[in-house]
Amino acid sequence: MSEQIRIAMWSGPRNISTALMRAWGNRPDTIVCDEPLYGHYLKVTGLPHPGAAEVIESQETDWRVVVRELTGEIPGGKRVYYQKHMAHHLLPEIERDWTDALTNCFLIRDPREMLTSLVKITPEPGVVDTGLPQQVALLDRIVERTGGVPPVIDARDVLEGPRRMLGLLCDAVGVEFDERMLSWPSGPRDTDGVWAKHWYGEVERSTGFRPYRPKDDEVPPGLEDVYEECLGYHERLHRYRLR
């Protein structure tokens, strides 16, 4: 339990990824990293995300340099390096071998709930914008290389049972569970990306995981095919989820 560990949590957008980062960031033995490949992603794609220029300015945009930092010495002398990643930031030109040095985990969410939230920000999202194909490809690579299945957690499961699911996750990655992961002080963090002011308002007001609330929104017109494709990817991941 004293060995250093680098945890890469691969998520899609509109998930509980930032709340999960808060949980790990509240551990005294852990340093967290917020979407380190976002700057590269925005510079290459040119997408008009809120504050894009500021994000690019704030981060290293050469993915090779970022990777060296993610796989190098853990900052602050901490034992656990928790890296919050968006799977869609894994653009095709980014090699994948460096992920072998990490303990890779996957955070998923029901595609209907994810898409009905994502469409409010990205009006015409494609499947690659959800990060699901990238998650499946990375999971398949890990299974082929190691013969084992990496941890997969479902956002709904976490919200319905934070203590149980975080305990299962900690067991799966080989660290002891810490009760401090279940609650945290409200407010911003120095480790948050500069984009926090655009996206993290609700998380900044939170002091823990909020109970799961079902969404009744229907899949937006025109996204039925995207939803069906997402559903296939999601099902491949969901079958492996911790429970």
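Coordinates for the structure precede this section.
Attention in this report is confined to the structure presented alongside it. Model, not experiment: these values are computed from the prediction.

**Some details on the overall build of the chain**
In terms of helices and strands, the chain carries 11 helices and 5 strands. Expected size for 243 residues packed as a compact globule is a radius of gyration near 18 Å; at 17 Å, the chain falls within 12% of this value. The principal-axis extents of the C-alpha atoms in the chain amount to approximately 50 × 40 × 40 Å. Counting only residues that meet the buried cut, the chain has 52% of its 243 residues in that class. The contacts in the chain between residues at least 6 apart in sequence include a share of 79% that link residues at least 24 apart. If the 30 positive side-chain charges of the chain are averaged to one point and the 39 negative ones to another, these points end up 4 Å apart.

**What about the side chain of His40?**
Of note, His40 is situated in helix 2 (residues 38-45). At 2.9 Å, the side chain of His40 forms a polar contact with the backbone oxygen of Thr61. Sequence-distant contacts of His40, that is, excluding residues within four places in its chain, are made with Glu60, Thr61, Trp63, Leu91, Glu93 and Ile94.

**Some thoughts on the environment of Trp184**
In this structure, Trp184 sits in the loop between helix 8 (162-173) and helix 9 (196-199). On the basis of relative accessible area, Trp184 is assigned to the buried category, the value being 4%. For Trp184 and Ala19, which are 165 residues apart along the polypeptide, the C-alpha to C-alpha distance reads 9.6 Å. In this structure Trp184 touches Ala19, Arg22, Ala23, Asn26, Arg189, Val203, Ser206, Thr207, Gly208 and Phe209, once residues within four positions along its chain are discounted.

**Focus on the side chain of Arg241**
Mapping Arg241 onto the fold places it in the segment after helix 11 (224-238). In this structure the side chain of Arg241 is engaged in a polar contact, spanning 3.0 Å, whose partner is the side chain of Asp157.

**Details of the pattern of salt bridges**
Within this structure, the stated rule accounts for 19 salt bridges. As a salt-bridge pair, Asp178 and Arg180 come within 3.0 Å of each other at their nearest N and O atoms. Taking relative accessible area as the criterion, Arg180 reaches 45% and is therefore assigned partly exposed. One network of salt bridges, in which partners are shared, links Arg27, Asp29, Arg79 and Glu176.

Each value, and the rule that gives it
Residues numbered from 1 in each chain as written. Predicted model: local features only at pLDDT ≥ 70, side-chain atom pairs only at ≥ 80, totals over all residues. Heavy atoms only, no water. Helix = DSSP H or I, 4+ residues; strand = E, 2+ residues; numbered from the N terminus. Rg over C-alpha atoms; globule rule 2.2 N^0.38 Å. Buried < 20%, exposed > 50% of the residue type's maximum accessible area, 1.4 Å probe, protein only. Contact = heavy atoms within 4.5 Å. Lys, Arg positive; Asp, Glu negative; His and termini not counted. Charge placed at Lys NZ, Arg CZ, Asp CG, Glu CD. Polar contact = N/O pair within 3.5 Å; in protein donor to acceptor, adjacent residues only side chain to side chain. Salt bridge = Lys/Arg side-chain N within 4 Å of Asp/Glu carboxyl O.

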